[in-house]
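Analysis of the macromolecular model
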Amino acid sequence: MFAMAGGIFLSLGTLATQYAWAFVGLSVTEVITASIAVVIGTTLNYFLDDRINRAEVLFPGVACFLIAVCFGSAVHKSNAADNKSKLQGFKSLETTSSFQMETSSIKEGKAKVGTADFLIEVEKQRAIKVFGKSTIIGLAITFFAGICFSLISPAVSLATNDQWHTLKHGVGTL
């Protein structure tokens with residue numbers, strides 16, 4: 001059951017990561033989810049393994065990952081502010097006229113990467129629409145994915161080592 005729970009956490013984390021990419025981007029999503037997975041997963045495994053590892057070596061590395069989470073959040077805030085300033089003239093994607101998009105694309109061939117026109121073109125092609133939605137939603141989904149990923153390793157560890165002694169006597173672990 002613990003191994004199956006680890007698989008469920010893996011599936012939920014993967015699904016949440018895909019949605020988080022649309023809201024906050026690849027670089028922010030990966031930094032935050034991986035860092036949270038390391039911080040929480042390592043801490044849980046440390047206590048599950050009866051503290052056999054040296055905490056003075058293990059936890060400074062975990063602290064570095066925690067700092068990476070803070071930097072990832074700061075990068076997201078900066079990117080969100082930049083996109084907001086670029087799109088300030090557009091009320092919503094629906095009010096942006098197709099004529100305006102067609103003429104800007106004809107003038108430049110294709111919208112230049114990083115411009116408001118480019119952001120609008122990307123949004124129109126996305127399956128998950130994110131314009132007008134709070135970036136807090138994206139960060140919440142990212143943190144949820146990180147928590148799911150962090151629970152995979154302890155669940156598999158419990159399935160293979162039976163630290164909680166849930167198996168009947170004589171029954172082997174994975």
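Scroll up to find the structure.
Residues numbered from 1 in each chain as written. Predicted model: local features only at pLDDT ≥ 70, side-chain atom pairs only at ≥ 80, totals over all residues. Heavy atoms only, no water.

Before going further, it helps to spend a moment on the packing of aromatic side chains. According to the stated counting rule, one finds two aromatic pairs in the structure shown. Ring geometry for Tyr46 against Phe47: centres 5.2 Å apart, planes inclined by 75°, an arrangement best described as edge-to-face. Judged by relative accessible area, which is 46%, Phe47 ranks as partly exposed. Look at Tyr46 and Phe59: their rings are 5.0 Å apart centre to centre, the planes differ by 85°, and that puts the pair in the edge-to-face class. In this pair, Tyr46 sits in helix 2 (residues 26-48) while Phe59 sits in helix 3 (residues 55-86), placing the two residues 13 residues apart along the sequence. Take Phe59: its relative accessible area is 25%, and that puts it in the partly exposed class. (Phe/Tyr/Trp six-rings, centres within 6.5 Å; stacked < 30°, edge-to-face > 60°. Buried < 20%, exposed > 50% of the residue type's maximum accessible area, 1.4 Å probe, protein only. Helix = DSSP H or I, 4+ residues; strand = E, 2+ residues; numbered from the N terminus.)

Let us now look at the nonpolar core. Counting seven residues, the largest nonpolar core is built from Phe23, Val24, Val28, Ile32, Ile36, Val69 and Leu139. Secondary structure elements with two or more residues in this core: helix 1 (2-24) and helix 2. If one sorts the elements of this core by residue count, helix 2 sits on top with three residues. Once you skip the residues sitting within four places of it in the chain, Ile32 turns out to touch Val69, Gly72, Ser73, Leu139, Thr142 and Phe143. (Core = buried A, V, L, I, M, F, W, Y, C linked by side-chain atoms within 4.5 Å. Contact = heavy atoms within 4.5 Å.)

In contact at an axis separation of 11 Å, helix 3 and helix 6 (residues 135-150) are set at 155° when each is read in the N-to-C sense. Taken together, the axes of helix 3 and helix 6 are roughly antiparallel relative to one another. The chirality of how helix 3 crosses helix 6 is right-handed. Here Val69, Ser73, His76 and Ala80 of helix 3 come into contact with helix 6, specifically with Thr135, Leu139 and Phe143. Residue classes in the contact of helix 3 with helix 6 are distributed as four nonpolar, three polar and no charged. (Axes fitted to C-alpha atoms, helices over the stretch in contact; angles between N-to-C directions. Parallel < 35°, antiparallel > 145°, perpendicular 65-115°, else oblique. Left-handed = near helix turned anticlockwise from the far one by under 90°. Nonpolar A, V, L, I, M, F, W, Y, C, P; charged D, E, K, R; others polar.)

Let's shift gears to the environment of Ala5. Along the chain, Ala5 turns up in helix 1. Sequence separation of Ala5 and Ile152 is 147 residues, and the distance between their C-alpha atoms is 7.7 Å.

As for its position among the elements, Gly6 is in helix 1. With residues up to four places along the chain from it excluded, the contact list for Gly6 reads Ile152 and Ala155.

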